[in-house]
Each structure stands twice: as structure tokens, then as C-alpha cells.
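Report on the structure
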Amino acid sequence: MAVENDRSALFRPIVRHQHSRVTYAELFFDLVFVFAVTQISHTLLGRFTPLGAVQTTLLFLAVWWVWVYTAWITNWLNPELTSVRILLFCLMLGGLVLSTSIPDAFEARGRWFAIAYAAMQVGRTAFWLAATAGAGHAGRNNAIRILVWLSVSAIFWIAGGFAEGEWRLALWIVALAIEYVSPAARFWVPGLGASTMQEWTVDGGHMAERCALFIIIALGESIVVTGATFAELTWTFGNVAAFASALAGSIAMWWIYFHRGAEAGTELISNSAEPGRLARLAYTYLHMPIVAGIILAAVADELVLKHPDGHSDLRTALSAIGGPLLFLFGTILFKLAIRGWLQLSHMAGIAALAGLAWFAGGLSPLWLSLLTTGILIIVAAWESISLRSKAG
């Protein structure tokens, strides 16, 4: 094992055109976020109102941000070392507190959610700063900048946790806005200025693999929730067909993201002259609508399984169409970033889903599910054929 009293030994060696594998410690850490994703989908299902949608969106953005920041840190630090593993295990504890607080984050457990979130963000960055101790470490100023921004946002998180009602929502929106704006502002702080792209050297292939694994987490959560719901029902033709449609929809989303797309992203970022810029755009920001779309589609699957017949109500229509729409919107932007052109198949899918929204209220939930799944399958097949033609 590497000698850990030399703090520079905590960092991964980054070699151009090569990428480090995702470690078992990182995969173990990700298990907490399977639970977090489940909590978010169930929270949205239980409060599908305009206010509930805003609150759940904020909680999703917080969960994504704490995970993606950890992915950045473990891109630099080496999780094969004991001290870094202990950091990840401590973050798992914080993640469990965070996840269990999600359903009541705007009620009784707001303080727990805020404290867990702030502790994870600030504590992890403080560890990274300590790991850069020593003159001239390239990442030290970056660690200081990020710690300053996260410490400021933590004040609003904690204040919101102790506030109630509209004040909590407002303070948490401010906290989240600070954190989401900070990368675009390049973490500017007085005295240190803004970071440069040269300070954001990353192992691009590792970052791509980490984000692809989060997509697997979201799809896996969707399948688990669908299976658990289906197992509790009395099986009829309607919910058996809804179950098949839900599974086919998840497979289609997997195909759209992973068939050529994920691989192309890994190859591009591994060979990019500025992997940090691409990682910030394609993997930090553009993966958010992809994951959100999968979660929203999982909510639709559960609604359709329980009530496949009759007319689709507003929440069923919004989730059944909005989930695939968000997913395709995210993937078309992601593939634009890595390929340089807009996928015609994805644009056609988005247009078809938008057109379907006009008729959603007159369709049964089952038919709505079958049609949205059919659109995703056509997009997946269309893209595969067009990419095969380009390769030929």
C-alpha cells in the first residue's frame, strides 16, 4: 500500500489517454444513493403538487450535487488508500442521514437534512484541502476556493434547516443557487481570483464511468420500485401490460444512453486537451436532466401499475410524458457535447412526446405508458441504425 504520511500520495496519478478504474469503495459508497433516489421518487409521488414538485426538485438537485462533488474528489484522491476509504465511509453515514431525511425535509427533519448535507460538502472539501498541504500543490488553491463557496452556502443550508415554511424553501434555494453558480464563476474568491482550466486536470475516463454508473443506479431503482409494486398487486391484464411497458421503457433508456453514447463520451474526455471543461459541462450539469427524467419515469410507472385503466389524470400525464422528455432532452445535449451534432432521432422523439401531450388526457394510463415506451424504442432503434450507417 502507498505510504500515506506523504500527503501527495493520496492523489491518483493522472496519465493522458488512460483512465483509472472505479474502485469497489466508490461502488460501495454509491449504494447510499440507490436509497436516496428511491426516497426522491417516493417523495414526489406523495406530494405531486406545484409546491411539492419545487421542493422535490430542490432535494434532487442537492442529492445530485453532493454525489457529483464526491465523484470529483475521488477523481483526484485515491480510494484504494485507507484514509480516503474512511472519508467515503463517513460520507456514507452522512448520506444515510440525508436520504432518510428526504421525505420530511420540509417538515420535522429539515435540520437533519441541512446538517448532513453541509457536513458532507464542507467536511469532504476540508479533507481534500488537508491532502494538498505542502508548498506548491497544484490543487491547493482550488480546494481553498471551493471550501469558501461551500462554507458560505452551508450557512444558508443550516439557517434554512432551523427556519420553517416558505423561509426554509427560500434559504435552501439561495444555498443551492450559490453552489450551482460557483463552477460557472470558476470559484472566484478575493485574493485568489478564479480557477483556470489548467487547475482542473481530471481523469476523464474515470469521471465518465462514475456518471454512467449513476445512470445505472437510477435505472436500477426504477426497476426495483416497479418490481416491488407489481409484486404487491393482484395481477390483471392491465397491470401485467403496464409492468412489461415499464421494463421495456427502462431498457430503451439504457440503450439510448449506453449504446455508443457512454462509450463515445469516455473516449472523447480521455483524449480531450481540456478534460476539466468537458467534465464540468457534460457530466456535472448535463447529466442532471437525464437522471431526473429516469426518476420521473419511475414515478409514472408506479402510477400506471396501480391504475392502468380509466383516463390519465394530470400527474400521470406529466410524469409519463415528462420523464422520457427530460431524459431525451438531457441525452441530446450530452451527445451534442461529445459528438458535436444534434441527434435527429432524439429531436423526433422529443417532438413526438410533445405532440402526445395534447392527447394524454383522453388516453388511459396504460395506453399512455405504451405509447411513450414505443417512442423511446423507436428513438433507440433509429439512433442505432443511423450510427451504424455512419460507421459504414
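A brief look at the structure comes next. In this text, all values refer to a predicted model and were calculated from it rather than measured experimentally.

**Observations concerning the overall build of the protein chain**
Scanning the protein chain for helices and strands turns up 13 helices and zero strands. Listing each helix as α and each strand as β along the protein chain from the N terminus yields α-α-α-α-α-α-α-α-α-α-α-α-α. Here the C-alpha radius of gyration of the protein chain, 21 Å, is about what a compact globule of 392 residues would show, namely 21 Å. Projected onto its principal axes, the C-alpha coordinates of the protein chain cover approximately 65 × 60 × 35 Å. Taken over 392 residues, the protein chain has a buried fraction of 54%. By sequence separation, contacts in the protein chain at least 24 residues apart represent 79% of the contacts at least 6 residues apart. Total accessible area computed for the protein chain in this model is approximately 16,600 Å², and 70% of it derives from carbon and sulfur atoms. In the protein chain, which carries 23 positive and 23 negative side-chain charges, the distance between the mean positions of the two groups comes to 6 Å.

**Notes on a nonpolar patch on the surface**
Residues Leu 336, Leu 342, Leu 344, Met 347, Ile 378 and Trp 382 make up a contiguous nonpolar surface patch of about 540 Å² in total accessible area. Tracing the backbone shows Leu 336 in helix α11 (residues 314-339). Using a relative accessible area of 33% as the deciding quantity, one classes Leu 336 as partly exposed.

**Some details on the environment of Ala 317**
Along the chain, Ala 317 falls in helix α11. By relative accessible area, Ala 317 is classed as buried at 14%. Beyond its immediate sequence surroundings of up to four residues, Ala 317 is in contact with Gly 322, Ala 360 and Leu 368.

**As for the environment of Ile 290**
For Ile 290, the location among the structural elements is in helix α10 (residues 287-306). Taking relative accessible area as the criterion, Ile 290 reaches 0% and is therefore assigned buried. Taking the C-alpha atoms as reference, Ile 290 lies 28 Å from Trp 112; in sequence the two are 178 residues apart.

**Observations regarding the pattern of salt bridges**
Using the criterion set out here, one finds nine salt bridges in the structure. Glu 26 is the partner of Arg 210 in a salt bridge, and the nearest nitrogen-oxygen pair spans 3.2 Å. With Arg 210 in helix α7 (residues 204-232) and Glu 26 in helix α1 (residues 24-46), the pair connects residues that are 184 residues apart, well separated along the chain. Both residues of the pair, Arg 210 and Glu 26, count as buried. Linking Arg 85 and Glu 80 is a salt bridge whose minimum nitrogen-to-oxygen distance equals 2.8 Å. A relative accessible area of 32% means that Arg 85 is categorised as partly exposed. Residue class for Glu 80 comes out partly exposed when judged on its relative accessible area of 28%.

**A closer look at the packing of aromatic side chains**
Tallied over the entire structure, the rule returns 24 aromatic pairs. Each ring, one from Tyr 257 and one from Phe 334, has its centre 5.7 Å from the other, and the planes form 15 degrees; the classification is stacked. Of this pair, Tyr 257 sits in helix α8 (residues 237-271) while Phe 334 sits in helix α11; the two residues are 77 residues apart in sequence, bridging distant segments of the chain. Considered together, Tyr 257 and Phe 334 belong to a single accessibility category, that of buried residues.

**Describing the nonpolar core**
Generally speaking, soluble globular proteins have nonpolar side chains that are buried together. The biggest cluster of nonpolar side chains holds 101 residues, and the ones touching the most others in it are Phe 33, Trp 64, Trp 67, Leu 77, Phe 113 and Trp 157. Counting residues per element, this core draws most heavily on helix α2 (residues 50-76), which supplies 15 residues. Grouped together as the second largest cluster of nonpolar side chains are six residues, Ala 242, Val 304, Leu 305 and Leu 366 included.

Procedures and definitions
Counting from 1, residues in each chain are numbered in the order their sequence is written. A pLDDT threshold of at least 70 governs which residues receive local features in this predicted model, and a stricter bar of 80 or more applies before side-chain atom pairs are shown or counted, although totals over entire chains, interfaces and linings include all residues. Working from all heavy atoms in the structure, the side-chain values ignore hydrogens and water. Put simply, DSSP H or I for four residues or longer makes a helix, DSSP E for two residues or longer makes a strand, and each gets a number counted from the N terminus. Using C-alpha atoms as the atom set, the radius of gyration is obtained and then compared with a globule rule of 2.2 Å times the number of residues to the power 0.38. A simple rule labels every residue: compare its accessible area, found with a 1.4 Å probe on the protein chains alone, to the largest value its type can have, and call it buried under 20%, exposed over 50%, or partly exposed in between. Every residue pair with non-hydrogen atoms within 4.5 Å of one another is taken to be in contact. What sets the accessible areas is the Shrake-Rupley method with a 1.4 Å probe; for residues, cover comes only from the shown protein chains. In this count, Lys and Arg are taken as positive residues and Asp and Glu as negative ones, while His and the chain termini are left out. Charge placement uses NZ in Lys and CZ in Arg. For Asp and Glu, CG and CD serve respectively. Residues enter patches when their relative accessible area tops 30% and they take part in no salt bridge; the joining distance is 9 Å for like charges and 5 Å for the nonpolar side chains Val, Leu, Ile, Met, Phe, Trp and Tyr. Any carboxyl oxygen of Asp or Glu that lies within 4 Å of a side-chain nitrogen of Lys or Arg is treated as forming a salt bridge with it. Within 6.5 Å between ring centres, the rings of Phe, Tyr and Trp (the latter by its six-membered ring) count as paired, and their orientation is classed by plane angle as stacked under 30 degrees, edge-to-face over 60, tilted in between. Only buried residues count toward a nonpolar core. Its members are Ala, Val, Leu, Ile, Met, Phe, Trp, Tyr and Cys residues joined through side-chain atoms within 4.5 Å.

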